[in-house]
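A look at the structure
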Amino acid sequence: MEMGSKKRIKGLKAQGELYKCPSCDYQDGFHVSFKWSKKSSDGEIVLICPNCHSRFRLGWNVSISKSVS
Ligand SMILES: [Zn+2]
């Protein structure tokens, strides 16, 4: 179970242009949120559909500079 939501984060293939929600066919893109590791400064970008609130992950990892915290 993921923190912050009762719904599981679904996997999404990174291919083509990504603007359409596979769950509800909403076509105007996604909101963006970040899921941070507790142990490091690494995180993963999570996309949220503004229409049906499904959450998706692409394995899109980010890290932040240690000078900002
Ligand atoms: Zn949707």
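Here we summarise the structure given alongside this text. Computed from a predicted structure; not experimentally measured. (Residues numbered from 1 in each chain as written. Predicted model: local features only at pLDDT ≥ 70, side-chain atom pairs only at ≥ 80, totals over all residues. Heavy atoms only, no water.)

This brings us to the pattern of salt bridges. Counted by the stated rule, this structure contains one salt bridge. Among the ionic pairs, Arg 57 bridges to Glu 44, the shortest N-O distance being 3.1 Å. With Arg 57 in strand E4 (residues 55–63) and Glu 44 in strand E3 (residues 42–48), the pair connects residues that are 13 residues apart, well separated along the chain. Here Arg 57 falls in the partly exposed class, since its relative accessible area comes to 39%. On the basis of relative accessible area, Glu 44 is assigned to the buried category, the value being 12%. (Salt bridge = Lys/Arg side-chain N within 4 Å of Asp/Glu carboxyl O. Helix = DSSP H or I, 4+ residues; strand = E, 2+ residues; numbered from the N terminus. Buried < 20%, exposed > 50% of the residue type's maximum accessible area, 1.4 Å probe, protein only.)

Moving on to the pairing of E4. Bridging between strand E1 (residues 10–11) and E4 involves two bridges; their strand directions are parallel. Bridge assignment links Gly 11 to a residue of E4, and that residue is Arg 57. The pairing of E3 with E4 spans six bridges and is classified as antiparallel. Residue pairing across strands places Val 46 opposite Arg 57, the latter belonging to E4. Between the antiparallel neighbours E3 and E4 lie six residues, among them His 53 with a positive phi of about 65°. (Pairing = 2+ DSSP bridges.)

Checked against the element boundaries, Ser 54 lands in the loop between E3 and E4. A distance of 3.4 Å separates a polar atom in the side chain of Ser 54 from a polar atom in the side chain of Ser 23. What Ser 54 contacts, discounting residues up to four positions off in sequence, is Lys 10, Ser 23, Leu 47, Ile 48 and Cys 49. (Polar contact = N/O pair within 3.5 Å; in protein donor to acceptor, adjacent residues only side chain to side chain. Contact = heavy atoms within 4.5 Å.)

Spatially, the four strands line up as an open sheet ordered E1-E4-E3-E2, and their pairing is mixed. Edge strands, defined here as strands with exactly one partner in the open sheet, are E1 and strand E2 (31–36).

Protein coordination at the zinc ion: the donors are Cys 21 (SG), Cys 24 (SG), Cys 49 (SG) and Cys 52 (SG), at 2.3 Å from the metal. The coordination sphere of the zinc ion comprises four donor atoms, whose angles at the metal cover 106 to 111°; the geometry is tetrahedral. Donor residues binding the zinc ion come from one chain and are separated in sequence as C-x2-C-x24-C-x2-C. On the basis of relative accessibility, which here comes to 28%, the residue Cys 24 falls in the partly exposed class. (Donors = N, O, S within 2.8 Å, 3.2 Å for Na, K, Ca; no water. Tetrahedral: all angles 85-135°; square planar, octahedral: opposite > 155°, others 65-115°.)

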